[in-house]
Amino acid sequence: MAQVALRKVVKAYEGGVQAVKGIDLDIADHEFVVLVGPSGCGKSTTLRMIAGLEEISDGEISIGGRVVNDVPPRDRDIAMVFQNYALYPHMTVFDNMAFGLMLRKFDKAEIKRRVDNAARILEIGPLLDRKPKALSGGQRQRVAMGRAIVRDPKVFLFDEPLSNLDAKLRVQMRTEIKKVHQTVRTTTIYVTHDQVEAMTLADRVVVMNGGIIEQVGPPQELYHNPKTRFVAGFIGSPAMNFIPGRLENGAGALRVHLPGDIVLPVPAERTERYKALAGREVLFGIRPEHLTEAKNLDRPHVAAMTATPEVTEPMGMETLVHFKMNGAEICGRVDPGAPAQPGHPLPMAVDMSNMHLLDPQTGRVL
Amino acid sequence: MSQGTLIASAPPAVAPRGGLRRLARRNSTIAFLLTLPLILLILGLVVYPFLYALYLSTLNKRMTRFIGLENFTFLFTRETFWNVVFQSVLFAVSAVVLKALIGFILAHVLHALPSKGQRKWRGMLLVPWVVPPAISTLAWWWLFDPSYSAFNWALMGIGVDPVPWLGQSGWARFSVILVNVWYGSPFFMIMYLAALKSVPDQLYEAAAIDGATGWQKLRHVTFPMMRNIISITVLFSLIVTFANFDIVRILTNGGPQDTTHVFATYAFQVGIQSGDIPLGASVSLFMFPLLAVFAIFTLRGVNKRSKEMA
Ligand SMILES: Nc1ncnc2c1ncn2[C@@H]1O[C@H](COP(=O)(O)OP(=O)(O)OP(=O)(O)O)[C@@H](O)[C@H]1O
Ligand SMILES: [Mg+2]
């Protein structure tokens, strides 16, 4: 087991496309790190450079303290689980898992012990004699993980391992992966574009965008303290609302003035942080879960406002209401019992303790 | 729903009226009609000649009398015939093995080339297979000429004695195999190249991470993934090579002393040139059991593997 470090790592494909533009990242021993970001942001490229499947154009990658820039994949002591599993179709499940050990000249008894152990962890014991063709998607996924586990490598690499599974199985395998990590505690780097997967699995999440790292942190921190508009919008579902407005100084307290003459008081504990910004145009950021039906209005940090939904989406445990504010699409989450109806004004509550202010030009959270 | 299909696919005999239209609507009928031209072609060009050859092989030389298996028992007593059997097997097996090897290597080299250069080379390497063998073999025949040919001229240039390419049994056997390999390797190459391209890159990446060297990837990934193509290509080539006629006929015409005859050229000589058609038919029929056994085992393996794999 080992830590992994990336120093100013760059990947430029021929033709000049810079897929990864100089990223720094330190991953601790035993840590589960998830790289998340939209399609094409360079997640896979980063992972494949760590695996040694792509050459590194510039910078340095080290695994367990050893610089591996020029080390071929087979000598990096890593294991990888691919999106479409990449099982060897001509080998049985047992041979698929044993292949890496066989190439490394482990003796038969040890190979069998390890494969049986992995099969037990993943509950695929009865499948060992089958060929991959005779397995379901979820079973193939387990075999692919088994192939990684038996090697007992320094680092596990996962590239969107669950995206070929249906929704239900995906949730199930997600827990499975987490369980496996808690058992074997191997340093893990996991790539996904699904922020829910990232939040649920990671010790730390790395949010990537356009070949750079936007922010690194534990899931809760990314949720509560995003540093950029991109992270604020990417983490959380439905996404955070951004409403253009102005920060005003009024009657000794700061207020956010939104289109439609909505004025929301900034909680007193934030005055210090925002006071220099008074008078500026800002983006007001609020998550749908903090934009609810009128409730708790007696609490100091909850402000009232009224909105007229254009669309309501009942989800069962909650109802999503969509309305427009000076062109901006806004989404709120209200109780299914609330009288939310399209075209009818709905009294709502804004939890201002969870507000964000962003610079409309740079997109940085202020 | 299921009832509807049941009625629609009921045999037309049950429904006398509109039976013809219903017949035409049945999928299997249409499928049969569409394959009918091919079936007729096979019947006319394969089954009929085969049965006719069977019939011929049981007649006497003047085709007037049924003599059972006498043609075959006669062949078994002839040393020339056993020479032909030996040479056919030697010719076909060594040519196919060499073609398979060379094709495999060429395919790998091509596959490793960047795709721009690849097309040019692929085109050039296919030329031997595209030129009609009767023509290219004539060119080879000229190259093999003992006194005026390029080969011997080049050999003399470096001080080596001229080689009787077609004049001496050993060399003649070598030469016909060489030309056949030259002609047939591109076919293997193109088949293998297609197979190589169909092996997913991720399998190689997985193998690299599992710790495989280049050679181990070839042995544990490429080769098993290509086994079916290899089997089928070898089978196909073996059949064609066993039945080869033009190369031997043009280069050596079976000589010297009948040592380069293969089944087809020997059958031609016995049947057409010496006028014993029943005996010639018997010779040509001799290939059949040999190839049939090989084909059955090969195809059985192919079937099993393709069921197990994707
Ligand atoms: N072989 C290549 N040649 C040129 N450009 C490439 C190559 N592979 C990837 N790219 C580019 O590099 C960028 C990053 O690709 P990468 O595969 O890392 O994205 P990703 O974050 O994994 O996206 P996804 O979620 O869709 O898998 C993309 O813009 C892609 O077009
Ligand atoms: Mg990817």
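If you're wondering where the values come from, they're calculated on a predicted model, not measured in any experiment. (Residues numbered from 1 in each chain as written. Chains lettered and ligands numbered in written order. Predicted model: local features only at pLDDT ≥ 70, side-chain atom pairs only at ≥ 80, totals over all residues. Heavy atoms only, no water.)

Attention shifts here to unusual backbone geometry. A cis amide bond, omega -5°, links serine 237 of chain A with the succeeding residue proline 238 of chain A. Relative to the helices and strands, proline 238 of chain A is located in the loop between α8 (229-234) and β11 (241-250). (Helix = DSSP H or I, 4+ residues; strand = E, 2+ residues; numbered from the N terminus.)

A few words now on the UniProt feature "domain: ABC transmembrane type-1" (unreviewed entry) in chain B. Within this numbering scheme, the UniProt entry marks residues 85-298 of chain B as carrying the feature "domain: ABC transmembrane type-1" (unreviewed entry). The straight-line gap between the two end C-alpha atoms of residues 85-298 of chain B is 21 Å; of that span, 80% is helix and 0% is strand. (UniProt positions renumbered as here; feature names shortened; annotations may be inferred.)

Residues and elements named next belong to chain A. As a matter of local geometry, ligand 1 sits amid Tyr13, Ala19, Ser39, Gly40, Cys41, Gly42, Lys43, Ser44, Thr45 and Glu160. A distance of 3.3 Å separates a nitrogen atom of ligand 1 from a polar atom in the side chain of tyrosine 13. The side chain of serine 39 places a nitrogen or oxygen atom 2.5 Å from an oxygen atom of ligand 1. For ligand 1, whose unbound accessible area comes to 630 Å², protein coverage reaches 59%. Counting residues per element, the shell around ligand 1 draws most heavily on helix α1 (residues 43-51), at three residues. For the shell around ligand 1, the class distribution of residues is three nonpolar, five polar and two charged. (Near = heavy atom within 4 Å. Polar contact = N/O pair within 3.5 Å; in protein donor to acceptor, adjacent residues only side chain to side chain. Areas by Shrake-Rupley, 256 points an atom, 1.4 Å probe, with all protein chains shown as cover. Nonpolar A, V, L, I, M, F, W, Y, C, P; charged D, E, K, R; others polar.)

With that settled, consider the side chain of threonine 260 of chain B. With respect to the helices and strands, the residue threonine 260 of chain B is situated in the loop between α12 (246-251) and α13 (263-273). Those residues in contact with threonine 260 of chain B, other than ones at most four positions away along the chain, are Gln87, Ala172, Arg173, Val248, Thr252, Gly254 and Gly255 of chain B. (Contact = heavy atoms within 4.5 Å.)

With that settled, the discussion passes to the interface of chain B and chain A. The partner chain A presents 25 residues to the 21 residues of chain B that form the contact. Roughly 2,000 Å² is buried in total at the junction of chain B and chain A, and carbon and sulfur atoms are behind 62% of that figure. Our count for the contact surface shared by chain B and chain A stands at two salt bridges. For arginine 48 of chain A, the salt bridge is made with glutamate 205 of chain B, and the minimal N-O distance between the two is 2.7 Å. Within the residue set of the side of chain B that touches chain A, elements represented by two or more residues are α10 (201-210), α11 (214-242) and α15 (287-308) of chain B. Grouping the amino acids of the side of chain B that touches chain A by side-chain chemistry returns eleven nonpolar, six polar and four charged. (Buried area = accessible area lost by both parts, 1.4 Å probe. Salt bridge = Lys/Arg side-chain N within 4 Å of Asp/Glu carboxyl O.)

Here we come to the domain arrangement of chain B. Residue and element names in this part refer to chain B. Entries for chain B in the domain assignment read domain 1 (2-56) and domain 2 (80-309). Its C-alpha centre places domain 1 at a distance of 38 Å from the equivalent point of domain 2. Listed per partner, the contact involves four residues of domain 1 and five residues of domain 2. The three residues of domain 1 that bury the most area against domain 2 are Phe50, Ala53 and Leu56, which together make up 90% of that side's buried surface. Where domain 1 meets domain 2, there are zero salt bridges. The tally of links from domain 1 across to domain 2 stands at zero residue pairs in polar contact (both at pLDDT 80 or more). In terms of residue class, the side of domain 1 that touches domain 2 is made up of four nonpolar, no polar and no charged. (Domains from an automatic or database assignment.)

All told, the structure shown has 29 aromatic pairs over all chains when counted by the stated rule. Seen from their ring centres, phenylalanine 76 of chain B and phenylalanine 286 of chain B are 5.9 Å apart, and the 80° between their planes marks the pair as edge-to-face. With a gap of 210 residues between them, phenylalanine 76 of chain B in helix α4 (residues 70-76) and phenylalanine 286 of chain B in the loop between α14 (277-285) and α15 connect regions that are remote in the sequence. Pairing tryptophan 165 of chain B with tryptophan 171 of chain B gives two aromatic rings, centres 5.2 Å apart and planes at 75°, and the pair type is edge-to-face. The partly exposed category is assigned to tryptophan 171 of chain B, whose relative accessible area is 32%. Through pairs of rings, three or more aromatic residues link up here, namely Trp140, Phe144, Phe151, Trp165, Trp171, Phe174 and Trp182 of chain B. When the ring centre of tyrosine 223 of chain A is taken as reference, the NZ or CZ atom of arginine 287 of chain A above it lies at 4.2 Å. (Phe/Tyr/Trp six-rings, centres within 6.5 Å; stacked < 30°, edge-to-face > 60°. Buried < 20%, exposed > 50% of the residue type's maximum accessible area, 1.4 Å probe, protein only. Lys NZ or Arg CZ within 6 Å of the ring centre and 35° of its normal.)

We now examine the UniProt feature "transmembrane region" (unreviewed entry) in chain B. Residue and element names in this part refer to chain B. Under the present numbering, the feature "transmembrane region" (unreviewed entry) in UniProt falls on residues 30-55, 89-113, 125-143, 171-194, 229-251 and 277-299. Along residues 30-55 the backbone is 100% helical and 0% strand, and the end-to-end C-alpha distance reaches 35 Å. Taken end to end, residues 171-194 is 100% helix and 0% strand, and its two terminal C-alpha atoms sit 35 Å from one another.

Before going further, it helps to examine the packing of helix α2 (residues 93-103) of chain A against helix α4 (residues 137-151) of chain A. All names here are of chain A. Where α2 meets α4, the closest approach of the two axes is 8 Å, and the angle between their N-to-C directions is 30°. By the angle class used here, α2 and α4 are roughly parallel. Note that α2 runs across α4; the crossing there is right-handed. Counted together, Val93, Asn96, Met97, Gly100 and Leu101 of α2 and Val143, Gly146, Arg147, Val150 and Arg151 of α4 form the full contact between these two elements. Counted by class, the contact of α2 with α4 contains five nonpolar, three polar and two charged residues. (Axes fitted to C-alpha atoms, helices over the stretch in contact; angles between N-to-C directions. Parallel < 35°, antiparallel > 145°, perpendicular 65-115°, else oblique. Left-handed = near helix turned anticlockwise from the far one by under 90°.)

Further remarks concern the UniProt feature "domain: ABC transporter" (unreviewed entry) in chain A. Summarizing the sequence annotation, UniProt attributes the feature "domain: ABC transporter" (unreviewed entry) to residues 4-235 of chain A in the numbering used throughout. Annotated as residues 4-235 of chain A, this span is 38% helix and 25% strand, and its ends, taken at the C-alpha atoms, are 25 Å apart.

All names here are of chain B. Along the polypeptide, leucine 279 turns up in helix α14. Sequence spacing of leucine 279 and serine 115 is 164 residues, and the spatial spacing of their C-alpha atoms is 53 Å. Every residue in contact with leucine 279, bar those within four places of it in the chain, is listed here: Asn71, Phe74, Leu75 and Val270.

All names here are of chain A. Where helix α3 (residues 108-122) meets α4, the axes come as close as 9 Å, and the angle between the chain directions of the two elements is 135°. In terms of orientation, α3 lies oblique with respect to α4. By crossing handedness, the relation of α3 to α4 is classed as right-handed. Mapping the contact onto sequence places Arg114, Val115, Ala118 and Leu122 in α3 and Arg142, Met145, Gly146, Ile149, Val150 and Arg151 in α4.

Residues and elements named next belong to chain A. When the domains of chain A are assigned, the result is domain 1 (4-230) and domain 2 (241-358). Here domain 1 and domain 2 have C-alpha centroids that lie 40 Å from each other. Together, the buried faces of domain 1 and domain 2 total about 540 Å²; carbon and sulfur atoms form 52% of this surface. The tally of links between domain 1 and domain 2 comes to zero salt bridges. Remark: the boundary between domain 1 and domain 2 carries two residue pairs in polar contact (both at pLDDT 80 or more). For the side of domain 1 that touches domain 2, the element with the highest residue contribution is helix α7 (residues 219-224), accounting for three residues. Residue composition of the side of domain 1 that touches domain 2, by class: three nonpolar, two polar and one charged.

Turning our eyes to something else, we now look at the nonpolar core. One finds Leu157 and Ile189 of chain A together with Phe263 of chain B to be the most contacted residues of the largest nonpolar core, which totals 77 residues. Ranked by the residues each element gives to this core, the list is headed by helix α5 (residues 79-112) of chain B, at nine residues. Once you skip the residues sitting within four places of it in the chain, leucine 157 of chain A turns out to touch Leu47, Ile50, Ala51, Ile78, Ala79, Met80, Val81 and Ile189 of chain A. By size, the runner-up hydrophobic cluster in this structure holds 46 residues, among which are Val81, Leu128, Val143 and Tyr223 of chain A. (Core = buried A, V, L, I, M, F, W, Y, C linked by side-chain atoms within 4.5 Å.)

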